[in-house]
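Structural overview
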Amino acid sequence: MNIDDQIVFYDGDCGFCNHIVAFVLKHDKTQEIKFASIQSDFTLKLFEELELQKPDLSTFYFLEDGNMYEKSTAALRLGKYLKFPRSMVGVFWIVPRFIRDAGYNFIAKRRRRLSKGYCVIPNEDQRTRFLSQD
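Focus on the pairing of strand β2 (residues 34-37)
Across 4 bridges, strand β1 (residues 7-10) lies against β2 in parallel orientation. Within the sheet, the bridge partner assigned to V8 lies in β2 and is F35. With helix α1 (residues 15-27) bridging β1 and the parallel β2, this β-α-β connection has right-handed handedness.

Focus: the layout of surface pockets
Left-over empty space is what a probe sized like a water molecule reveals as it rolls over the atoms. Looking at the largest pocket, its volume works out to about 700 Å³. Along its surface, the largest pocket is lined by 31 residues, and I20, F60, S72, A75 and Y104 are the ones closest to its centre. Mapped by element, the contributors of at least two residues to the lining of the largest pocket are β1, α1, α3 (71-79) and α4 (97-114). By residue class, the composition of the lining of the largest pocket is 22 nonpolar, 5 polar and 4 charged.

Definitions and cut-offs
Residues numbered from 1 in each chain as written. Predicted model: local features only at pLDDT ≥ 70, side-chain atom pairs only at ≥ 80, totals over all residues. Heavy atoms only, no water. Pairing = 2+ DSSP bridges. Helix = DSSP H or I, 4+ residues; strand = E, 2+ residues; numbered from the N terminus. Right-handed = clockwise from strand over helix to strand, strands pointing away. 1 Å grid on protein atoms, 1.4 Å probe; cavity = no way out; pocket = protein on both sides within 12 Å on 5 of 7 lines; lining within 4 Å. Points joined across faces, edges and corners; volume = space filled by probe spheres on them. Nonpolar A, V, L, I, M, F, W, Y, C, P; charged D, E, K, R; others polar.

Shown next as structure tokens:
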């Protein structure tokens, strides 16, 4: 793992979160974004090494070029790696973060009800992009 990698950290037990991972796998124009479950030892160790607080399961994190982003900012940073027109999510940068994060928190509180029992099953090529399998 290189600290300059782009890594999505997601709740591995959440169906909605797994749908997001599947979406990113399908629409990642770089095919270089990596993934790690928030519950994994890999993630906990990395957060400790970066001197970050223990990750919150209800928060979406995105590591980009050595910087950790969370919630709506993480989603917008990730958006630039997606194929057009999905990359247009960047227009939401004009919305103040406290409003974006309020929307994020609204969805995060309901994420388990939005999609239950879904698990990403990566194909052979995609498996190498998953940094933790625990």
